[in-house]
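Overview (structure and organization)
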Amino acid sequence: MGKDSERTEMNDTPNGTAALVGDQIRVRMAPSPTGYLHIGGARTALFNWLFAKHHSGKFILRIDDTDMARSTDESMHEIYDALRWLGINWDEHYVQSERRSIYDGYVEKLLESGNAYHCYCTPEELEEIRTQARLDKQTRSYDGRCQHLSSEAVERFVAESRKPTVRIKMPDTPIRIDDIVLGSRVIDPATLEDEVIVRSNGMPNYNLTSIIDDAEIQITHVIRGTEHLNNTPKQIAIANALGLKVPQFAHIPLVLDSSGRKMSKRHHGDLVAVNRYREQGYLPEAMLNFVVRLGWSYDDKQEIFSLDELIEKFDIARIGKSGSVFDIKKLEWLNSHYINQLDIAARTDAVIPFWQKEGLLDDATEDRDRLESIVEAIGERLTTLQDIIPQTRYFFTNPDGYDPKAVKKWWGNSEEKRGKTSEILTTVLQILEEIPTFNLQTIEAAIWKYTDENNIKRVAAMQALRIALTGTSFGPSLFDIVVLLGRNETLKRIPKAIAHL
RNA sequence: GCCGCUAUCGUCUAGGGGUCAGGACAGAUGGUUCUCAGCCAUCAAACCGGGGUUCGAAUCCCCGUAGCGGUACCA
């Protein structure tokens, strides 16, 4: 995707000049750049992308940045970055703030045809109208009062230098929505109010720009979260008033937290940020596989899907209607699966940045073979790449302490037991000092000869030694550790542990 | 308040007029190993409630209930 996205970032994709497309499927993802890409956004992007890929259509990225106050460039680039990391590439790219004149033209049309009108109500007045409507148990709050303003009233407002908004006049006939996921329904126009489509500062609003662009860019299917369900009739009304073609809609259920609420930046912070998972050492394959199964399934057996399989098997009709809870345990399972899928070389590559970030590895000076051996020794013990740190720290630095729980259990908490442990470690030290060839086989043979002949439980000796060497009670085969540490380092660490006893 | 959406194990889901309601994650137990992880085996765990329709309802219909979403000059 490299080249394409370079162009994209430089913004030289011609805006508003989409080529003619016939009946090719065209979908879009339209994030507003007000923060990082979040889990739900990633899933929306993926569903759109898969739908496009499955049908050999186009996936379009559109930045909905009409809220100038909240949109930032930084956020826009974070979204590009996260999408790229996931491997979701786009065929076309648009930025709404650069398309202002297009929207202005349509607003002009709406005003001329009488389908929209100026509203001079102040935010305070609107607030009042709202509370009153609520008190009266009304379905709508704004009553369309500015539609019939006398010219004197308008003059007065202008004299007060009130800047009007533009409102769309809602139709009085029912609006039908045929939703691919939710089915068909008819919306009673009495529930629709005349929405603001242009702010008093002249900037058009989401409901206007979104549906205009969908038509302009020739989007065939709008796949988005159900939080937009209530916007759909409004957008259809705008499109109808403008004579624009309406895309097909598919509203996908929300991603929920463990208590069943919508996952949002506001309430969950960076727990929903795709980047956070990247930084913690989740693989894009795992994220994709995880997120696609939230609300979608292929059959009753398959959980693991490669991207190619997903493209082949994705079927929008199989998206469920109810929200799905984000379960980190499932993500972790998938992530460890994909990590284990990596061969040792690739896994080592993946893990090196984490060692470096932790300061355990300076640069590439470290012996590559040793790094790979370490990774190999760790085996299937990584849930995230980040786990490489607690799992391997002792290979790079002296243990800076001994895990108290482990010490209590395996070194013992009585004078007598500690003495015994000390004895064992001293003997092991001696064995390792004197062993002629220092390798896995010789060490294993020598230590087991010692434990078995002296009636010492293997586990007791091994765990005592493990703690001495690593500070912890878990990890790979101890003989692997000893060999990887090397004779010198091993012989240095054992006396330290004995002294600590 | 109003408008709307949804409802199968704790979670993701399969199924969808007659099934022992299936799988996966998580959980529990046992086995294996120097520990942990893993692996193997086993276990536990669900059709929101009430009415219809029907020989038969988790499945179709209605009514509740609950949860969620929206209710901005945000998207």
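Residues numbered from 1 in each chain as written. Chains lettered and ligands numbered in written order. Predicted model: local features only at pLDDT ≥ 70, side-chain atom pairs only at ≥ 80, totals over all residues. Heavy atoms only, no water.

What chain A contains, in helices and strands, is 21 helices and 12 strands. Taken over the C-alpha trace, chain A has a radius of gyration of 32 Å; the compact-globule value for 501 residues is 23 Å, which it surpasses by more than 25%. For chain A, the C-alpha atoms occupy an extent of roughly 105 × 50 × 45 Å along the three principal directions. Of all 501 residues assigned to chain A, the portion counted as buried reaches 48%. (Helix = DSSP H or I, 4+ residues; strand = E, 2+ residues; numbered from the N terminus. Rg over C-alpha atoms; globule rule 2.2 N^0.38 Å. Buried < 20%, exposed > 50% of the residue type's maximum accessible area, 1.4 Å probe, protein only.)

What follows is about the pairing of strand β7 (residues 183-187). Residues in a regular strand project their side chains so that they alternate between the two faces of the sheet. Pairing geometry for strand β6 (residues 175-179) and β7, over five bridges, is antiparallel. Bridge pairing in β7 places Ile177 opposite Arg185. The turn joining β6 and β7, which pair antiparallel and follow one another in sequence, is formed by three residues. (Pairing = 2+ DSSP bridges.)

Working definition: the strands of a sheet are paired by backbone hydrogen bonds and lie parallel or antiparallel to each other. Here we have three strands laid out as an open sheet, ordered β4-β5-β8, and antiparallel in their pairing. Each edge of the sheet is formed by a strand with only one pairing partner; in this case those strands are β4 (116-119) and β8 (196-198). On average, each strand axis in the sheet is inclined to that of its neighbour by 45°, with strand direction left out of account. Where β4 lies against strand β5 (residues 165-168), four bridges are found, and the strand directions are antiparallel. Bridge pairing links Tyr117 to Arg167 in β5. (Axes fitted to C-alpha atoms, helices over the stretch in contact; angles between N-to-C directions.)

Relative to the assigned elements, Thr470 resides in helix α20 (residues 458-470). We classify Thr470 as buried; its relative accessible area is 5%. There is a polar contact of 3.1 Å between the side chain of Thr470 and the backbone nitrogen of Thr472. Non-local contacts of Thr470, meaning those with residues more than four positions away in its chain, are made with Tyr394, Pro399 and Ile481. (Polar contact = N/O pair within 3.5 Å; in protein donor to acceptor, adjacent residues only side chain to side chain. Contact = heavy atoms within 4.5 Å.)

This next bit is on the protein's contact with RNA strand B. Close to RNA strand B lie 62 residues; Thr66, Gly295, Arg381, Gly475 and Ser477 are nearest. In this structure, Arg70 approaches RNA strand B through a side-chain N or O atom, which is 2.8 Å from a sugar or linking oxygen. One of the backbone nitrogen or oxygen atoms of Ser200 is found 2.6 Å away from a base oxygen of RNA strand B. At the level of elements, α5 (123-135), β12 (324-325), α13 (328-341), α20 and α21 (478-500) are the ones that each hand at least two residues to the surface near RNA strand B. With five residues, the top contributor of residues to the surface near RNA strand B is α20. The residue inventory of the surface near RNA strand B, partitioned by class, reads 18 nonpolar, 21 polar and 23 charged. (Near = heavy atom within 4 Å. Nonpolar A, V, L, I, M, F, W, Y, C, P; charged D, E, K, R; others polar.)

Packing of α20 against α21 brings their axes to within 8 Å, and their N-to-C directions diverge by 75°. One finds that α20 runs roughly perpendicular with respect to α21. Of α21, the residues touching α20 (which contributes Met462, Leu465, Arg466, Ala468, Leu469 and Thr470) are Leu478, Phe479, Ile481, Val482, Leu485, Thr490, Arg493, Ile494 and Ala497. Here the contact of α20 with α21 is composed, by residue class, of 11 nonpolar, two polar and two charged. (Parallel < 35°, antiparallel > 145°, perpendicular 65-115°, else oblique.)

It is worth spelling out the packing of aromatic side chains at this point. If you walk through the whole model with that rule in mind, you get 13 aromatic pairs. Ring geometry for Tyr298 versus Phe305: centroids 6.4 Å apart, planes at 85°, classification edge-to-face. Under the relative-accessibility criterion, Tyr298 is labelled partly exposed at 31%. With a relative accessible area of 2%, Phe305 lands in the buried category. Members of the aromatic cluster, each reached through a chain of ring pairs, are Phe47, Trp296, Tyr298, Phe305 and Phe314. Against the face of Phe157 rests Arg156, its NZ or CZ located 5.5 Å from the ring centre. Lying across the ring of Trp448, Arg458 places its NZ or CZ 3.8 Å from the centre. (Phe/Tyr/Trp six-rings, centres within 6.5 Å; stacked < 30°, edge-to-face > 60°. Lys NZ or Arg CZ within 6 Å of the ring centre and 35° of its normal.)

Time to look at the state of the cysteines. The full count for this structure, using the stated rule, is zero disulfides. Its sulfur unpaired, Cys121 is 3.6 Å from the next cysteine sulfur, which belongs to Cys146. According to the relative accessible area criterion, Cys121 is buried, its value standing at 11%. (Disulfide = S-S within 2.5 Å.)

So, on to helix α8 (residues 231-242). Helix length check: α8 (12 residues) gives 17 Å between terminal C-alpha atoms against 16 Å at 1.5 Å per residue, within 8%. When you tally the buried positions in α8, you get 10 out of 12 residues, the bulk of the element. Buried residues of α8: Asn231, Thr232, Pro233, Lys234, Gln235, Ile236, Ala237, Ile238, Ala239 and Leu242, and no others. Backbone geometry just downstream of α8 places Gly243 in the positive-phi region, at approximately 70°. (Expected span 1.5 Å × (residues − 1).)

The next subject is the environment of Asn413. Summarising the element assignment, Asn413 is placed in the loop between α17 (404-411) and α18 (415-434). Put simply, Asn413 and Ile388 are 25 residues apart on the chain and 30 Å apart in space, counted from C-alpha to C-alpha.

This part is about the packing of helix α15 (residues 368-378) against α21. Across the interface, α15 lies against α21 with an axial gap of 11 Å and an inter-helix angle of 165°. Considered as vectors, α15 and α21 are oriented roughly antiparallel to each other. Viewed along their axes, α15 and α21 form a crossing whose handedness is left-handed. Here Arg370, Ser373, Ile374 and Ala377 of α15 come into contact with α21, specifically with Asp480, Leu484 and Leu485. (Left-handed = near helix turned anticlockwise from the far one by under 90°.)

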